[in-house]
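# Topology and contacts: notes
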Amino acid sequence: MKNVVLLGPPGAGKGTVAARLVQEFKFLHVSTGDMLREEVAQNTPLGQLAKGYMARGELVPDEVILSMVRQRVDAKKGVLFDGFPRTIAQAEGLERFTTVDLVIFLEVEQEEVVRRLSSRVVCSACGAVYNLITQPPRVQGKCDQCGGTLVQREDDKPEVVARRFAVYMRDSAPLVAYYEGRGMLRRVRADRSPDEVFQAIAEVLRS
Ligand SMILES: [Zn+2]
């Protein structure tokens, strides 16, 4: 079984494709974002430590992330690393306790990401999520479930989406170059349907 790293900017559809890959290929899913949220929610020592950094607006240090990942990795199962590694130090640290066989980079243009994310609205009353392009409400501006008012999250505003995208591309560029230089990176176009993206990755994994 292979260990795979999934990289991609916000809005590339990483969450959707990761869920499908885990289901079809029986990967152990290692999402550092989810793991950190769990540790914080359960108020573990690691969670308390991580919370302090996050509250100060700082990144959780590489060695904290690495020890969390190390606890989770199981040598008998292929692992899908999602949202990790973020830095070259994390990538090097990961290789000290496991191997990485393949890195998939989901490629998508900034324009497409802005179009996708800025079309998302949520119900201010019940939290239901809609997409004005792919899944619009029956009545404009109103929730199908409860009639609440639909609003755009601050994070989904076009200028915020564009900034998050630019920051991701800038910060991940060294990591992409690192894996590319070692012949481990495969680029997969993500400007198409979730099913097409999944099939393209599945083909790479089976080859
Ligand atoms: Zn609602």
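The structure under discussion appears in the preceding block.
Note that the coordinates shown come from a computational prediction; the quantities given were computed from them, not determined experimentally.

### Remarks on the environment of alanine 190
- Residue placement: alanine 190 occurs in the loop between strand 8 (185–189) and helix 8 (194–206).
- Residue class for alanine 190 comes out buried when judged on the 26 C-beta atoms lying within 10 Å of it.
- Measuring from C-alpha to C-alpha, the distance between alanine 190 and arginine 170 comes to 19 Å, with 20 residues separating the pair along the chain.
- If we skip the residues at most four places from it in the chain, alanine 190 touches Gly8, Ala12, Gly13, Leu106, Glu107, Val108 and Val197.

### Details of the sheet that holds strand 5 (residues 120–123)
- As summarised here, the arrangement of the three strands in space is 6-5-7, forming an open sheet in which the pairing is antiparallel. Edge strands, defined here as strands with exactly one partner in the open sheet, are strand 6 (129–131) and strand 7 (150–151).
- In this structure, strand 5 lies alongside strand 7, joined through two bridges in antiparallel fashion. Within strand 7, the position partnered with cysteine 123 by the bridge is leucine 150.

### Digging into the pairing of strand 5
- Here strand 5 runs beside strand 6; their pairing, made up of three bridges, is antiparallel. If you follow arginine 120 over to strand 6, its bridge partner there is asparagine 131.
- The antiparallel hairpin formed by strand 5 and strand 6 contains five residues in its connecting segment, where glycine 127 sits at a positive phi of about 85°.

### Let's talk about unusual backbone geometry
- Backbone torsion omega between phenylalanine 84 and proline 85 reads -10°, so that peptide bond is classified as cis.
- Within the secondary structure, proline 85 sits in the loop between strand 3 (79–82) and helix 5 (88–94).
- For lysine 26, which is not glycine, the phi torsion reads 55° and is therefore positive.
- Along the chain, lysine 26 turns up in the loop between helix 1 (14–25) and strand 2 (28–31).

Conventions and cut-offs
Residues numbered from 1 in each chain as written. Predicted model: local features only at pLDDT ≥ 70, side-chain atom pairs only at ≥ 80, totals over all residues. Helix = DSSP H or I, 4+ residues; strand = E, 2+ residues; numbered from the N terminus. Buried ≥ 20, exposed ≤ 12 C-beta atoms within 10 Å, placed from the backbone. Contact = placed C-beta atoms within 7 Å. Pairing = 2+ DSSP bridges.

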